[in-house]
Amino acid sequence: MDEKRLLEVRDLKVHFFTDDGVVKAVDGVSFHVDKGETLAVVGESGSGKSVTSLAIMRLIPTPPGRIVGGQVLFRGKDGQVKDLTRLSEAEMRRIRGNDIAMIFQEPMTSLNPVYTVGDQIAEAIMLHQGKSRKEAMELAAHMLDLVGIPEPKKRLANYPHQMSGGMRQRVMIAMALSCNPSLLIADEPTTALDVTIQAQILELMKRLQEELGMAILFITHNLGVVAEMADRVVVMYAGRVVEQADVVPLFKDPLHPYTRGLLHSVPRLDLAAERRERLEAIPGNVPNPLYLPPGCAFHPRCKHYVEGLCDREVPPLEDTGDGRQVRCVRWREIREVRA
Amino acid sequence: MERLSSSTARTQLVLRQFRKHRLAVWGGRILLVLYLMAAFAGFFSPYDPNYYELYPPKGNHPPTRIHFVDPETGRLSRPFVYATKRSIDPVTLQPRYEEDPSQGKFYLRFFVRTPDQPYTVFKVFRSDLRLIGVDPPGRIFLMGTDNFGRDLFSRIVYGGQVSLTIGILSALVSFALGLLLGGIAGYFSGRPFALSLPPRAWRGWSGVLGLVGLLLWLAVAAGVLFLAWSFVRLSPGKGVFSLAVDGVVLLLGFGGALLILWKVFREPLKLDPDDLIMRTVEIIAAIPSLFLLISLRAVFPTNIDPLITFYLVVGLLGFIGWGGLARVVRGIVLSVREMDYVQAARALGASDGRIIARHILPATASYVIVSLSLTIPGFILGESGLSFLGLGVTEPYTSWGLLLQSAQQGGFASFTDRPWVLWPGFFIFLSVLSWNFLGDGLRDALDPRRKA
Amino acid sequence: MNGNHVLLEIRDLKKHFPIRGGILSRVVGSVKAVDGVSFAIKKGEVLGLVGESGSGKTTVGRTLLRLIEPTGGRILFDGQDITDLPKDKLRPYRRRMQIIFQDPFSSLNPRMTVGDIIAEPLIIHGIGKTPQERTERVAELLKLVGLSPDHMRRYPHEFSGGQRQRIGIARALAVAPDFIVADEPVSALDVSIQAQVVNLLQDLKEELGLTLLFIAHDLAVVEYISDRVAVMYLGKVMEVASSKELYRNPKHPYTEALLSAVPIPDPTVKRERIVLQGDIPSPINPPSGCVFRTRCRYALPECAQVVPELKEVAPGHYKACIRDDIL
């Protein structure tokens, strides 16, 4: 693995075995995260973005889910590259929280309501760094200060319910970063928050990344947040990566019809004054993961669909030559027409 | 999350889930057999439950041994039994029974008629057809006899009629109460009704009602005053202390009456039905249920018609059991009441009745079904307990609890000398366990989270 | 149609939820969810109502439909004061005012078929005498919202979020209302589905001449669909203006901050962001004077003294702020 690579996911497959059949939630996903960069994984419900992040952490509920194939290569703090899918549960526990930390969408439910905030942060520190309780508490106060919580020493004694949603998410971030992980997985961290609070949390994450240098794997459905946070973007649809590119070219020149449709379907405040026509909606529904359409899973909703071409085989994820990848048999035509 | 758009009907889904729970399926099958036996008790029991012979007496007869091998030829034969000879043990003075091959073999026969012991099915159809039997004077006691010589198996089958139906009937009574009161508490929570209306709010019909209400409250105030006066009049009235008590009571009486009048004239007295019902539930729940059951039972005489006793037990069990259900139903109703689809119905101008019938009650259905199946075994045990204490059903009716009670007559020795008298206990155990398994299975199958 | 005809007006609407405590459940305080809100919606107009959680926007929507009883103020629908109308007198108005909900999963009764759900309003109001007539009407409504009449016999759980939202819209349209409160109708939907529902609402509005109160926290969507926008904060209206004017030229410090907080889906756009400090104060104990002053970067000592009135600062542009020297 390349020296600057921190995480490399190769052909990851996560299937859920339900009464109604096998759900291929993640079906051959590959991407990488470099040290210190922010990779955004964008997708709607059922795209497999959250399952991917849980699979990296090996937190897939088993049964019904299971990682059925692929590798998750990760460079630990000691410089060694390990395949996380092959580690024992005990080895994995040393990675979680210490090397890779995670924050979730619901700051209400991801904190234990019966322990103080201080106890919960200190616990993680004591577990991974072998510090005494006193040292851990001091570090916890330092972390709260770092994430911009006023009067951190006092706040350590608070219970989660005594804090607002935004405060709780700050506590979650403090807890996640307390062991100085090299990768932070943020699964829709601002979705449950109000816009003004979301702005605070995004600013905070950017600042902390500058100060601490960790890489961020940012899972979201919000394209605005992606544009603001990401260095590179992976777009997922129905369990597969459909496009991968740096953030600026992706927004400027989306190659996959789904990415394009997604960008055009959201109303934009900054263009409000000029434009007043209808939104370009993507027709149809997000497919049922049990009965995915054959061939390209997006073809029933795609305006570039060609019968006999798109509905036969799953198109390969092609390199476009300029560091981008796209999973569409017609990407060259689409690019030419636009140019 | 995107929902799965399979068109499998809801009931099919539930059935499929249920079938996966093997214990529950077995529970259901066992219950089916038990209830069929109770329904067609005459057919399944070899004898009338109250039939016994005076001579020769058959009291405390052990279960009859059924022979499959002919001792003369040593070969397999049609099942048969021998008649028994009774003797008295010289040490324990208990009867002993020995097989008496000299009277010949009595072959086990199916679908026999017993013209001397007719029975009715559901009190309508007369019959004397029985599943198994042997020709007299041979007798077959599958589970032995009681101290009178009555066939225990027949009595158990008939006892099942009482024990098994009392469970269901009491559950229905308590569910009717629980659903109604819990539903009212939940739906009308936060909408207190007026117990009185002050004169300044009287308009039209509310004025008439207000006047009636006011008169009632005046009567209540007068009653309070009268109580205080009665206390003073009846007290011995000697000594300073007694006089002081009289004075305080009279003062309290006046104060209370004035307070009531002042209240009802000034502002409407409002009572939230939720508070009223839930506090009642809490009070009932605070009294130990067996104690409550016994003291309630003690209110009624013991020497009343056995059938009335049966319904009394049903009523009592139902009365102590509704609280828990009412509490949960209230909770469900409170949460469903705030669901958007109920708000949508309100926005459409639907009446309270329509909202309750179409939107709220159906939401409690799966909980009620599960809860019902888990409550019934409790009532079966309750009946056994009451009958065991001699407060339940009485002769000539019988029930498993009553059978167990007569089993323990004779002290511990009765269990060691005549272990077959414990068979009713086994049936209680079997039915309670089966209901519980069935309830578990239903809960898992109907649990909405499973399909989410 | 008279363009200036006011269909719905609320005046100084208030809703305070009592907080009970102690063993006697006495009222120990109140949540001032809506605290003196006034606005008017003209016939055929879409008024957007934006605000963050706790701003009281949803309560306004439910109170003006009398799904929640107001604590104070007046509600006027088509010139008639409906604030105190008893239930039976209110029923004709229930036919004219409808609501669409945010959560497409809790707004449809899971135990009823789609046909029954849409037919319920018809039964309640006696529209369509026979079951066949009603079935025809339900089929029409399903087609109107872009679903197939075959869907009638299915249950809500068989549909996706976007389809369920369409069913909810069909139910609201069944009584042919003049006015609809759309309470966050797209915020629970996937991004690619949101646009479909927004477009549908816009088409229906034009086809049927509907008047809409569009409640949402997503400023971009509100700006897109609304003619005018009212911004709420902590139970009060901070600013009202036409949607173009509001975005181009926000006059209230809160609107300014709110707009700058919305992330723009374009990585090349770089702008100065105003990050508001702290959290929204509790509506049990709102700040004195201007409720926004605790997070406002322009706040003066006077802001704690006076409750600012909503006043016209430009034609059709109102704001509740005492500082006229800013923005």
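Owing to the predicted nature of the structure, the values given are computational and were not obtained by experimental measurement. (Residues numbered from 1 in each chain as written. Chains lettered and ligands numbered in written order. Predicted model: local features only at pLDDT ≥ 70, side-chain atom pairs only at ≥ 80, totals over all residues. Heavy atoms only, no water.)

Some thoughts on the overall build of chain C
Condition: In this description a helix means any DSSP run of H or I spanning at least four residues, a strand means any run of E spanning at least two, and both kinds are numbered starting from the N terminus. All radius of gyration figures rest on C-alpha atoms, and the globule criterion is 2.2 Å times the number of residues raised to 0.38. Relative accessibility thresholds used throughout: buried, under 20% of the residue-type maximum; exposed, over 50%; partly exposed, between the two (1.4 Å probe, protein chains only). Working rule for contacts: check all heavy atoms of both residues, and any pair within 4.5 Å makes them a contact. Note on areas: Shrake-Rupley with a 1.4 Å probe; residue coverage comes only from the protein chains shown. Charge counting treats Lys and Arg as positive and Asp and Glu as negative, with His and both chain ends excluded. Charge positions are represented by NZ for Lys, CZ for Arg, CG for Asp and CD for Glu.
Secondary structure assignment for chain C yields nine helices and 12 strands. Taken over C-alpha atoms, the radius of gyration comes to 21 Å for chain C, in line with the 20 Å a tight globule of 327 residues would show. Overall size of chain C, expressed as C-alpha extent along the three principal axes, is 70 × 60 × 45 Å. Across the 327 residues in chain C, those meeting the buried criterion constitute 58%. The long-range share in chain C, meaning contacts at least 24 apart out of those at least 6 apart in sequence, stands at 64%. Carbon together with sulfur atoms contributes 50% to the accessible area of chain C, which is approximately 13000 Å² in total. Where the 43 positive side-chain charges of chain C centre and where its 39 negative ones centre are 4 Å apart.

Description of the confidence of the model for chain C
Detailed reading of the predicted coordinates is not advisable wherever pLDDT falls low. Which entries qualify depends on this criterion: Every residue carries a pLDDT, the predictor's confidence in it, which falls somewhere between 0 and 100.
For chain C, the mean per-residue pLDDT works out to 89, and 98% of the residues sit at or above 70. Two summary scores accompany this predicted model of the complex, namely pTM at 0.78 and ipTM at 0.83.

Some details on helix α9 (residues 306-337) of chain B
To keep things clear, this is the line we draw: Between the first and last residue of a helix there are one fewer steps than residues, each counted as 1.5 Å, and that sum is the expected span. At any given residue, the bend is defined as the angle formed between two axes, one fitted to the seven residues that end at that position and one fitted to the seven that begin there.
Compared with an ideal rise of 1.5 Å per residue, which puts 32 residues at 46 Å, α9(B) spans 45 Å between its outermost C-alpha atoms and is within 8% of the ideal. Helix geometry: α9(B) is bent most strongly at B:Trp322, by close to 35°.

Quick word on the sheet that holds strand β11 (residues 318-319) of chain A
Residue and element names in this part refer to chain A. The condition that has to hold: Between any two strands, pairing holds if DSSP finds at least two bridges. For every element, the axis is a line fit to its C-alpha atoms; helices are fit only across the contacting stretch, and the angle between N-to-C directions ranges from 0 to 180 degrees.
If you trace the eight strands from one edge of the open sheet to the other, you get β6-β7-β8-β3-β9-β10-β12-β11, paired in mixed fashion. Each edge of the open sheet is held by one strand with a lone partner, namely β6 (100-103) and β11. In this structure, strand β10 (residues 240-246) lies alongside strand β12 (residues 325-326), joined through two bridges in antiparallel fashion. Paired with Glu-243 across the strands is Val-326, a residue of β12. Contacts between helix α10 (residues 257-265) and the sheet are confined to β9 (232-237) and β10, with β9 contributing the most and set at about 100° to the helix.

A look at the domain arrangement of chain B
Worth spelling out the cut-off: Domain boundaries shown here were taken from an automatic or database domain assignment.
Annotation of chain B at the domain level lists domain 1 (12-44 + 142-191 + 271-451), domain 2 (63-139) and domain 3 (194-270). Relative to domain 3 of chain B, the C-alpha centre of domain 1 of chain B lies at a distance of 43 Å.

Focus on the confidence of the model for chain B
Looking at chain B as a whole, its pLDDT mean stands at 81, while 96% of the residues score no less than 70. A low-confidence stretch, residues 1-7 of chain B (pLDDT under 50), is modelled with 19 contacts involving residues beyond four sequence positions or located in other chains.

Description of the nonpolar core
Quick reminder of the rule: By nonpolar core we mean a set of buried residues, namely Ala, Val, Leu, Ile, Met, Phe, Trp, Tyr and Cys, connected to one another through side-chain atoms within 4.5 Å.
Counting residues in each nonpolar core, the largest one holds 92 residues, and the members touching the most others are C:Ile118, C:Ile169, C:Leu173, C:Phe214, C:Tyr254 and C:Phe292. Apart from the residues within four sequence positions on either side, C:Phe214 is in contact with C:Val46, C:Leu47, C:Gly48, C:Leu49, C:Ala182, C:Pro185, C:Leu201, C:Val221, C:Val222 and C:Ile225. B:Leu152, B:Leu386, B:Trp435 and B:Ala445 belong to the second-largest nonpolar core, a separate cluster that totals 51 residues.

Remarks on the sheet that holds strand β2 (residues 21-34) of chain A
Residues and elements named next belong to chain A. With antiparallel pairing, four strands are arranged side by side in an open sheet as β2-β1-β4-β5. The open sheet terminates on both sides in strands that have one partner only, identified here as β2 and β5 (81-83). Between one strand axis and the next, the sheet turns through 5° on average, direction left out of account. Bridging between strand β1 (residues 5-18) and strand β4 (residues 65-75) involves eight bridges; their strand directions are antiparallel. Opposite Leu-7, over in β4, you have Phe-74 as the bridge partner. Its contacts with the sheet put helix α1 (residues 49-56) on β1, β2 and β4, and the angle it makes with β1 is roughly 110°.

Points about the pattern of salt bridges
The following threshold applies: A pairing counts as a salt bridge when a side-chain nitrogen of Lys or Arg comes within 4 Å of a carboxyl oxygen of Asp or Glu.
Summed over the entire model, instances satisfying the criterion amount to 52 salt bridges over all chains. Among the salt bridges present, the one from A:Arg5 reaches A:Asp34, with a minimum N-O distance of 3.2 Å. Residue A:Arg5 is located in strand β1, and its partner A:Asp34 is located in strand β2; the two are separated by 29 residues in the primary sequence. The same class applies to A:Arg5 and to A:Asp34, which are both buried. Note that C:Asp178 and C:Arg96 form a salt bridge whose closest N and O atoms lie 2.6 Å from each other. Here C:Asp178 is found in the loop between α5 (161-173) and β7 (179-183), whereas its partner C:Arg96 is found in helix α2 (residues 87-96), with 82 residues between them in sequence. Put simply, A:Glu243, A:Asp253, A:Asp322, A:Arg324 and A:Arg335 are held in one network by salt bridges that share partners.

A word on unusual backbone geometry
Residues and elements named next belong to chain A. Here Thr-62 and Pro-63 are connected by a cis peptide whose omega angle stands at -15°. With respect to the secondary-structure elements, Pro-63 resides in the loop between α1 and β4. The peptide bond linking Pro-63 to Pro-64 adopts the cis configuration, its omega dihedral lying at 10°. Even without a glycine there, the phi angle at Glu-151 is positive, about 50°.

Focus: a nonpolar patch on the surface
All names here are of chain B. Here is the rule we go by: A patch consists of residues exposed above 30% relative accessible area that lack any salt bridge, with like charges linked at up to 9 Å and nonpolar side chains (Val, Leu, Ile, Met, Phe, Trp, Tyr) linked at up to 5 Å.
A cluster of nonpolar side chains, contributed by Leu-32, Leu-36, Phe-40, Phe-122, Val-124 and Phe-125, occupies part of the molecular surface with about 620 Å² of accessible area. By secondary structure assignment, the location of Phe-125 is in strand β6 (residues 125-127). Classification of Phe-125 by relative accessible area gives exposed; the value is 54%.

A few points about the packing of aromatic side chains
All names here are of chain B. For clarity, the threshold we go by: A pair of Phe, Tyr and Trp rings is counted when the ring centres sit within 6.5 Å of each other, with Trp represented by its six-membered ring. The angle between the planes then sorts it: under 30 degrees is stacked, over 60 is edge-to-face, the rest tilted. A positively charged side chain is recorded as over a ring if its NZ (Lys) or CZ (Arg) lies within 6 Å of the ring centre. The angle to the ring normal must also be within 35 degrees.
Summed over the entire model, instances satisfying the criterion amount to 20 aromatic pairs over all chains. Ring plane angle 75° and centroid distance 5.3 Å describe the contact between Phe-43 and Phe-44, whose orientation is recorded as edge-to-face. Classification of Phe-43 as buried rests on a relative accessible area of 19%. Among the aromatic residues, those joined into a ring-pair cluster are Trp-400, Trp-423, Phe-426 and Phe-427. The ring of Phe-80 has Lys-105 sitting right over it, with the charged end atom 5.3 Å from the ring centre. Positioned above the aromatic ring of Tyr-47, the side-chain terminus of Arg-139 is 4.3 Å from the ring centre.

A few points about the interface of chain A and chain C
Rule in force here: Buried area counts how much accessible surface, traced with a 1.4 Å probe, disappears from two parts once they are put together, with both parts' losses summed. Under this definition, polar contacts are N or O atom pairs within 3.5 Å; protein pairs additionally need one hydrogen-donor-capable and one acceptor-capable atom, and for neighbouring residues in sequence, both atoms have to be side-chain atoms. Under the grouping applied here, Gly and all other residues not named as nonpolar or charged are polar, the nonpolar ones being Ala, Val, Leu, Ile, Met, Phe, Trp, Tyr, Cys and Pro and the charged ones Asp, Glu, Lys and Arg.
At the junction of the two partners, chain A supplies 42 residues and chain C supplies 43 residues. Of the roughly 3900 Å² buried where chain A meets chain C, counting both sides, 57% is carbon and sulfur surface. Taken together, the links from chain A to chain C amount to three salt bridges. The partner of C:Arg273 in a salt bridge is A:Glu228, and the shortest N-O contact between them spans 2.5 Å. Summed over the shared surface of chain A and chain C, the number is 18 residue pairs in polar contact (both at pLDDT 80 or more). Contributing elements (two or more residues each) for the side of chain A that touches chain C: α7 (195-212), α8 (223-229), α9 (247-252) and α10 of chain A. Classifying every residue of the side of chain A that touches chain C by side-chain character gives 21 nonpolar, 10 polar and 11 charged.

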